[in-house]
Amino acid sequence: MITLTDVTKTYAGGVTALDGVSLAVGPGELAAIVGPSGSGKSTMLNLLGTLDRPTTGRVHLDGHDVGALSDAGLSALRASRIGFVFQQFHLAAGTSALDNVADGLLYCGLRPAERRRRAATVLDRVGLGHRTDHHPHELSGGERQRVAIARAVAGDPALLLADEPTGALDSVSGQAVMRLLRELHSSGTTVVIITHDRELAASLPRQVHMRDGRVIDDVLRREAPVVEVIR
Ligand code: ADP
């Protein structure tokens, strides 16, 4: 689904944030990108999300060479294929949960009534069907993040990129958000979670470990085998 090949990213000032990274994330994966602060995770998110272009190397999204697309072409591809979730939710204040989600569908070519109908369905799916008229300041942190996730998946993206999605939440709300991300994954969405939380990362099927701009380990965790107990 998304492939990075020999990617480097050097910022103005000469900091090499990614130093020869190759990584492929396939459809249906649930993966963590994990590493300490400064290891290059946000830079990786920006490249996986096609928000930024590599200094050298190639990025392919759904077979499209990101480097060969115009800015407008890339924006259109991103809007239709990728949903983003951030640590600080990034909801519009003074706007209801329903409209926050519906506004995420502005560029889908749907009529306003259809956008709102779909937003209501997705809010229901994330367990907030009873909060559609609430504004962000009337919601808990966990509820805000669930609105943000509803907004990210309302357009049915193939890839959901979540940057420290539980970083601003207490542990109970964080667990609810992780349950929701797992449910979305079970229903077919590819999910990549950027985190510095090793415990969270260890609970996911795949962990890509980063340090100093490089992938130092890529671990596939096998699901625990089902053991039949014969008495
Ligand atoms: P992480 O998300 O793991 O904390 P980052 O990708 O943010 O890592 O940063 C990797 C390195 O790149 C760090 O040394 C950071 O200071 C540097 N860096 C990140 N963004 C920029 C930028 N826009 N300009 C210059 N240096 C940057």
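Quick caveat: nothing in here was measured; it's all calculated off a predicted structure.

A. Inspection of the side chain of D65 at higher detail. Mapped onto the elements, D65 comes out in strand β5 (residues 64-65). From its side chain, D65 meets the backbone nitrogen of G67 in a polar contact 3.0 Å long. When neighbours within four sequence positions are excluded, D65 is seen to be in contact with R58, V59 and H60.

B. Structural context of unusual backbone geometry. Unlike most non-glycine residues, D62 shows phi in positive territory, near 50°. By secondary structure assignment, the location of D62 is in the loop between β4 (56-61) and β5.

C. Structural detail: the sheet that holds strand β8 (residues 190-195). Strand order in the open sheet made by the six strands is β6-β7-β8-β3-β9-β10, with mixed pairing throughout. Every interior strand has two partners, whereas the edge strands, β6 (82-86) and β10 (214-220), have only one. Across the sheet, the mean angle from the axis of one strand to that of its neighbour is 15°, orientation sign disregarded. Pairing geometry for strand β3 (residues 30-34) and strand β9 (residues 206-211), over four bridges, is parallel. Of the residues in β9, the one forming a bridge with I33 is V208. Helix-sheet contacts for helix α5 (residues 141-153) involve β6 and β7 (159-163), and the interaxial angle to β6 is about 165°. Where helix α6 (residues 171-186) meets the sheet, its contacts fall on β3, β7 and β8, and the angle it forms with β8 comes to roughly 150°.

D. Summary view of the site of the ligand. By nearness alone, every residue bordering the ligand is listed as Y11, V15, A17, P36, S37, G38, S39, G40, K41, S42 and T43. In this structure, an oxygen atom belonging to the ligand sits 3.5 Å away from a main-chain N or O atom of P36. Taking S42, its side chain carries an N or O atom lying 2.7 Å from an oxygen atom of the ligand. A total of 550 Å² of accessible area belongs to the ligand in isolation, and the protein chains cover 59% of it. Among the elements that make up the shell around the ligand, the one with the highest residue count is helix α1 (residues 41-48) (three residues).

Definitions and limits used
Residues numbered from 1 in each chain as written. Predicted model: local features only at pLDDT ≥ 70, side-chain atom pairs only at ≥ 80, totals over all residues. Heavy atoms only, no water. Helix = DSSP H or I, 4+ residues; strand = E, 2+ residues; numbered from the N terminus. Polar contact = N/O pair within 3.5 Å; in protein donor to acceptor, adjacent residues only side chain to side chain. Contact = heavy atoms within 4.5 Å. Pairing = 2+ DSSP bridges. Axes fitted to C-alpha atoms, helices over the stretch in contact; angles between N-to-C directions. Near = heavy atom within 4 Å. Areas by Shrake-Rupley, 256 points an atom, 1.4 Å probe, with all protein chains shown as cover.

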